[in-house]
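# Reading the structure
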Amino acid sequence: MSNWSHRHILDLATFSIEDYTNVLELAKRFKAVSTSGTRKLPALQGRLITTLFFEPSTRTRSSFELAAKRLSADVQSFSPNNSSLSKGETPIDTALTYVAMGADVLIVRHSSTNVPGELAHYLEEAGHNTSILNGGDGLHSHPSQGLLDLFTLANFFSPNEPIPSAVKDKTIVIVGDILHSRVARSNLWALTACGANVVLCGPPTLLPEEFKDFVKAPPPGQKLDPIKKRGQVTIMRSLKDAFQEADAVMTLRLQIERMHQNLITDLYQYHCEFGINHESLKWCKKDVPVLHPGPVNRGIEMSNAILEDDSICLVSEQVNNGIPVRMALLYLLAAKEN
Ligand code: CP
């Protein structure tokens, strides 16, 4: 792989087109290897990958652990319940414990924004060379989800060549609870970097107007945007209007657990206005695919019938693609000296 410069993977705002190309190219190769019958590769033999999830997860954690095993790494798994956090140990001391055991990569999920970033900074200052891979932090970032969504979309538009430019000039409509979604934020960085135009659609309480400027400047602490020209971001309040131009639709979970005010009045009404079902998809062009990062609130963000319609719903494919994409990320971080 050419020019991989990231010691940690914290946020896609720092990714160049070359970075996206490297991840997608490697993921394509790992996917081809596993579908050809070779399930396990020796690439990370002797490396130690630790999942440090302070917040619940089904997909991300299992997928990273399977990806690490497919590359023959040793895998350690931390769960906050049953851990020494209950005795007052801090997340930093928990991380240092796994570093002392020799972790090459710590995959960190936390409900607070920037815990993985602070941990990366702390470990660097202390002279440790363990890499941090953000498994989702607060409302900030979920880079591996953004990358697997990009891979899934690129693979849909260009099945033999899932490269970043496969999404160029496509219109991707992201619907729902944008405000609380680290997935939406990572997708905004990834998709606009690759030249896609993103339409955000949702009620004002879950989609403030400021989101139209989200990728116009790099985030705090980052001086330059590595992308010269990004795709456009627009906001639409009507699903019917948004769907007219859609080449793909991504809907997001309503994150009730992060809503501290009554941001929606009625779930049925929400589904009528912003739910994806076969009726609302009639406003789109033919055969537009539907994505969702999961977990899905059935009947709210999308109907059961859409979730079970394999001809348009890519949810299972997203989960499946998560494995080669995460293999690529672990390989890029942990096999970097090879
Ligand atoms: N998409 C996602 O992050 O799912 P999990 O919370 O199950 O990991």
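Residues numbered from 1 in each chain as written. Predicted model: local features only at pLDDT ≥ 70, side-chain atom pairs only at ≥ 80, totals over all residues. Heavy atoms only, no water.

## Concerning the sheet that holds strand β1 (residues 48–53)
Strands sit in the order β2-β1-β3-β4 across an open sheet of four strands; the sheet is parallel. Lying at the two open borders of the sheet, with one neighbouring strand each, are β2 (74–78) and β4 (131–137). Each neighbouring strand pair of the sheet contributes to a mean axis angle of 15°, computed without reference to strand direction. Where strand β3 (residues 105–110) meets β4, five bridges bridge the pair, whose relative direction is parallel. Bridged to I107 within β4 is L133. (Pairing = 2+ DSSP bridges. Helix = DSSP H or I, 4+ residues; strand = E, 2+ residues; numbered from the N terminus. Axes fitted to C-alpha atoms, helices over the stretch in contact; angles between N-to-C directions.)

## Here's the deal with the side chain of S63
Following the sequence through the fold, S63 ends up in helix α2 (residues 59–70). Within polar-contact distance, the side chain of S63 engages the side chain of R326 at 2.9 Å. Contacts of S63, omitting those with residues within four sequence positions, involve G322, I323 and R326. (Polar contact = N/O pair within 3.5 Å; in protein donor to acceptor, adjacent residues only side chain to side chain. Contact = heavy atoms within 4.5 Å.)

## Structural notes on the nonpolar core
Among the nonpolar cores identified, the biggest contains 66 residues, and Y20, V23, I49, L133, L200 and L330 are the most heavily contacted of them. No fewer than three residues from each of domain 1 (17–141 + 319–334) and domain 2 (143–314) sit in this core. Counting 26 residues, the second-largest nonpolar core is a separate cluster that includes L206, Y270, C284 and V290. (Core = buried A, V, L, I, M, F, W, Y, C linked by side-chain atoms within 4.5 Å. Buried < 20%, exposed > 50% of the residue type's maximum accessible area, 1.4 Å probe, protein only. Domains from an automatic or database assignment.)

## A closer look at the site of the ligand
Lining the immediate environment of the ligand, one finds S57, T58, R59, T60, R109, H142, Q145, P293 and G294. For the ligand, an oxygen atom lies 2.6 Å from a polar atom in the side chain of T60. Across the complex, the protein chains shield 91% of the 250 Å² of accessible surface that the ligand would expose by itself. Mapped onto the domain boundaries, the shell around the ligand takes at least three residues apiece from domain 1 (17–141 + 319–334) and domain 2 (143–314). (Near = heavy atom within 4 Å. Areas by Shrake-Rupley, 256 points an atom, 1.4 Å probe, with all protein chains shown as cover.)

## Some thoughts on unusual backbone geometry
Negative phi is the rule for most residues except glycine; trans is the rule for most peptide bonds. Here the bond from G294 into P295 is cis, since omega is -10°, no more than 30 degrees from zero. Among the secondary structure elements, P295 is positioned in the loop between β9 (290–291) and α9 (304–307). Positive phi, close to 70°, is recorded for S72, a residue that is not glycine. Examined against the element boundaries, S72 turns out to sit in the loop between α2 and β2. Here S72 falls in the buried class, since its relative accessible area comes to 17%.

## What about the side chain of H180?
Looking at where H180 falls in the secondary structure, it is placed in the loop between β5 (171–175) and α6 (182–193). With a relative accessible area of 6%, H180 lands in the buried category. Within the structure, H180 has its side chain in polar contact with the side chain of D177 (distance 2.9 Å).

## A closer look at the domain arrangement of the protein
We note that the domain assignment places domain 1 (17–141 + 319–334) and domain 2 (143–314) within the protein. Facing 27 residues of domain 1, the contacting portion of domain 2 comprises 30 residues. Surface buried jointly by domain 1 and domain 2 totals about 2,300 Å² across both partners, of which 63% is contributed by carbon and sulfur atoms. When the buried area of domain 1 at its contact with domain 2 is split by residue, Y20, L24 and L139 rank highest and sum to 31% of it. For the interface between domain 1 and domain 2, the tally reads two salt bridges. Residue E161 is joined to K28 by a salt bridge in which the shortest nitrogen-to-oxygen separation is 3.5 Å. Remark: the boundary between domain 1 and domain 2 carries six residue pairs in polar contact (both at pLDDT 80 or more). For the side of domain 1 that touches domain 2, the secondary structure elements donating two or more residues are α1 (17–35), α2, β3, β4 and α10 (315–334). Here the side of domain 1 that touches domain 2 gets eight residues from one element, more than from any other, and that element is α1. Among the residues forming the side of domain 1 that touches domain 2, the class breakdown is nine nonpolar, eleven polar and seven charged. (Buried area = accessible area lost by both parts, 1.4 Å probe. Salt bridge = Lys/Arg side-chain N within 4 Å of Asp/Glu carboxyl O. Nonpolar A, V, L, I, M, F, W, Y, C, P; charged D, E, K, R; others polar.)

## Quick notes on the sheet that holds strand β8 (residues 248–251)
Strand order in the open sheet made by the five strands is β7-β6-β5-β8-β9, with parallel pairing throughout. Each edge of the open sheet carries a strand with a single partner, namely β7 (233–236) and β9. By the bridge criterion, five bridges tie β5 to strand β6 (residues 197–201) in an arrangement that is parallel. Bridge pairing links T171 to N197 in β6.

## Focus on the packing of α1 against α10
Taken N-terminus to C-terminus, the directions of α1 and α10 make an angle of 120°; their axes are 8 Å apart at the nearest point. Taken together, α1 and α10 sit at an angle that is classed as oblique. Between α1 and α10 lies a crossing of right-handed hand. Packed against α1, whose contacting residues are V23, L26, A27, F30 and K31, the element α10 presents N320, N321, P324, V325, M327, A328, L329, Y331 and L332 at the interface. (Parallel < 35°, antiparallel > 145°, perpendicular 65-115°, else oblique. Left-handed = near helix turned anticlockwise from the far one by under 90°.)

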